[in-house]
Number of protein chains: 2
Amino acid sequence: MNVTILGCGLIGASWAALFAAVGRHRVRAWDPSATAREAFPEKVARAQSQLIALGAEAGEPVAVFDRIEEALWGADWVQENAPEKTELKAQLFAHVESAVTRDCIIASSTSSFTWSQLATGLKHTERFVIAHPFNPPHLVPLVELYSPNATTLDAAVKFFSGVGRVPVCMKKEATGHIGNRLASALWREAVHIVADGIATVEDVDRVLIHGPGLRWSVIGTHLGYHLGGGDGGIEHYLRHLGPSQERRWSTLGNPKLTNEVCEMLSAGVQAEVRGRDIAQLEEQRDRQLMEILRLRREHPTIDE
Amino acid sequence: MNVTILGCGLIGASWAALFAAVGRHRVRAWDPSATAREAFPEKVARAQSQLIALGAEAGEPVAVFDRIEEALWGADWVQENAPEKTELKAQLFAHVESAVTRDCIIASSTSSFTWSQLATGLKHTERFVIAHPFNPPHLVPLVELYSPNATTLDAAVKFFSGVGRVPVCMKKEATGHIGNRLASALWREAVHIVADGIATVEDVDRVLIHGPGLRWSVIGTHLGYHLGGGDGGIEHYLRHLGPSQERRWSTLGNPKLTNEVCEMLSAGVQAEVRGRDIAQLEEQRDRQLMEILRLRREHPTIDE
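Residues numbered from 1 in each chain as written. Chains lettered and ligands numbered in written order. Predicted model: local features only at pLDDT ≥ 70, side-chain atom pairs only at ≥ 80, totals over all residues. Heavy atoms only, no water.

The name an unreviewed UniProt entry gives chain A is 3-hydroxyacyl-CoA dehydrogenase NAD-binding domain-containing protein, with Steroidobacter flavus as the organism.

Asks: Help me understand helix α2 (residues 34-53) of chain A in this model?
Replies: It helps to recall that an α-helix has 3.6 residues per turn; residues three or four apart then point in one direction. Residue and element names in this part refer to chain A. Between its first and last C-alpha, α2 extends 30 Å over 20 residues, near the 28 Å set by a 1.5 Å rise per residue. The principal kink in α2, of about 35°, is found at phenylalanine 40, preceding the proline proline 41 by one to four residues. Listed in full, the buried residues belonging to α2 are Ala36, Arg37, Phe40, Val44, Ala47, Gln48, Gln50 and Leu51. Packing partners of the buried residues in α2 comprise α1 (10-21), β2 (26-30), β3 (63-65) and α13 (278-298). Measuring from the side-chain oxygen of the N-cap residue of α2 to the backbone nitrogen of threonine 35 gives 3.3 Å; that N-cap residue is serine 33. (Helix = DSSP H or I, 4+ residues; strand = E, 2+ residues; numbered from the N terminus. Expected span 1.5 Å × (residues − 1). Bend = angle between axes of the 7 residues up to and from the residue. Buried < 20%, exposed > 50% of the residue type's maximum accessible area, 1.4 Å probe, protein only. Contact = heavy atoms within 4.5 Å. Polar contact = N/O pair within 3.5 Å; in protein donor to acceptor, adjacent residues only side chain to side chain.)

Asks: Would you mind going over helix α12 (residues 259-273) of chain A with me for this structure?
Replies: Residues and elements named next belong to chain A. In a regular helix each residue adds 1.5 Å, so 15 residues correspond to 21 Å; α12 covers 21 Å between its end C-alpha atoms and thus fits that length. Of the positions making up α12, those classed as buried are Val261, Cys262, Leu265, Ser266, Gly268, Val269, Glu272 and Val273. Considered in projection along α12, the buried side chains sweep an arc of 165° and stay on one side of the axis. Seen from the open side of α12, the exposed residues pointing more than 90 degrees away from its buried face are Asn259, Glu260 and Glu263. Phi turns positive, to about 45°, at arginine 274, one or two residues after α12. (Arc of directions from axis to C-beta.)

Asks: Explanation requested: the domain arrangement of chain A in the structure shown.
Replies: Interfaces are often sized by the accessible area lost when the parts come together. Taken domain by domain, chain A comprises domain 1 (2-169) and domain 2 (179-273). Between the C-alpha centres of domain 1 of chain A and domain 2 of chain A the distance comes to 32 Å. (Domains from an automatic or database assignment.)

Asks: What is the right way to read the sheet that holds strand β5 (residues 105-108) of chain A from this model?
Replies: Strands pair in a sheet through their backbones, by hydrogen bonds, and they do so in one of two ways: parallel or antiparallel. Read across the open sheet, the eight strands follow the order β3-β2-β1-β4-β5-β6-β7-β8 (chain A); overall the sheet is mixed. Edge positions in the sheet fall to β3 and β8 (166-169) of chain A, since each of these pairs with one other strand and no more. Between one strand axis and the next, the sheet turns through 25° on average, direction left out of account. Those strands touched by helix α8 (residues 201-210) of chain B are β7 (142-146) and β8 of chain A, and its axis lies near 145° from that of β8 of chain A. (Pairing = 2+ DSSP bridges. Axes fitted to C-alpha atoms, helices over the stretch in contact; angles between N-to-C directions.)

Asks: Sorry if this is basic, but what is going on with the sheet that holds strand β3 (residues 63-65) of chain B here?
Replies: Residue and element names in this part refer to chain B. An order of β3-β2-β1-β4-β5-β6-β7-β8 is seen for the eight strands of this open sheet, with the pairing classed as mixed. Bordering the open sheet on either side are β3 and β8 (166-169), each of which pairs with just one other strand. Across the sheet, the mean angle separating the axes of adjacent strands is 25° when strand polarity is ignored. Note: strand β1 (residues 2-6) against strand β4 (residues 77-80), four bridges, orientation parallel. Among the inter-strand pairings, valine 3 is bridged to a residue of β4, identified as tryptophan 77.

As structure tokens, this is what we get:
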């Protein structure tokens, strides 16, 4: 397929590498910023080298264009990764719709907006789909999909399965989709724990990596409570421990990101990173992710 | 050390196997139920075989006693894993304090109670410590510790480090400690997503395993937002995206575990397990956990 990437930031580069190397697609890209276009090939190369280390073969080179019309030439699939501003995305969609054929699908990587909020910017909404990845998209398998059009949704499931992703279809749209709603709920309590003086930033993160986060990489939260119910499973759990969960929920925090709290978070993160810069931390994160992805190939996850 | 396990359920068996095989401790155990005592050796053997597969050597056999006094003989460390009832735990602690020397540390695996709530049941509170594991404790490395006594806390850090755990000390006590507060916050939203019809139970769990859960096994939530801020890190994130997080927080759900919601959760879990029983699911979970633990030995986690 001919795939067009709109927006040459980190997400765009990660998608481009994945679509070319794993999907064997012909990938064209565009960004209004010359600086972003110039930095793009190196970002794509970095992601692609990780995919090659995971067993993919180098795909066709990703072509970057100065003019959006050139990038959209012959597109079967457009993946939009522009900044999170509705007017800006609407302008882009207008460009796209004037340049592509009717059967080209337009996917948005948006994390902030719902399908309905962005669809107002399109004429032919039936080919529009939300396709939200988790950073970095070429490594983290999840893609959250939403479209009210079953044909478009099917095409999106097929497209993302074809590039080795795990597509999850939402039955109904929601701000933050699914994963970021879960992540926001967890972070709210993580901020409360720091703000309330229960534990340091670093210790909250250590708890996740060595406790519930480790377990959630292996079984989900609902299935976790099923196992927590012993032989009686989730029904036993809900009957006997449901009321204590509701009491726990009522004690959870409701912090505000005041200057004081923001300073605690910043200072805590600085203590945690121990001088490592963003690139070094990303390198460590990616190495570990790649190792887990490797072992998942030999040991299927519990949902397979 | 001489270690006494009080409570021969799953947590007790998991601790017993770990303390014997990894800690090379002499482990004695007791439970008021004859059925629990009889089933105990097999549970310990199962956990110990997993530890041996991870490279530990078989420890001395764990001895199970009919009378609590015999199990407490010579104890340097007592690990209490009784049902979550304060009166019952207070009775146990009275037994323990009458049987052990003053330098024996008494640790509770409680998930529901704080140090202060249980300490009222003890005479010598200075040697009492909360030591809360995540299931299964012989595989999941996290142990959450709380004691207002620095000497006892130090001893607990040393004890749990010595059995290959990752101890995290709370600065202040809190119901649910740290990990279960995070887990409850996340589950509340996970229940809302199902109750509101946004996604199925199975799809919420799939989102975690292939998205944020996978990432939280590699980097924590605070550090995740640091990387989400790009070159400007957490400070950039808080300044530019803090307000949108606060707006997101205000849209999170506040579900009740009504009969209708409980039925949705039960039916959703049944669909997810596809006929697998609890033992089979635990087997799959443990196999995957063991693989990740193996790779962490060669690839240190980001907090190390």
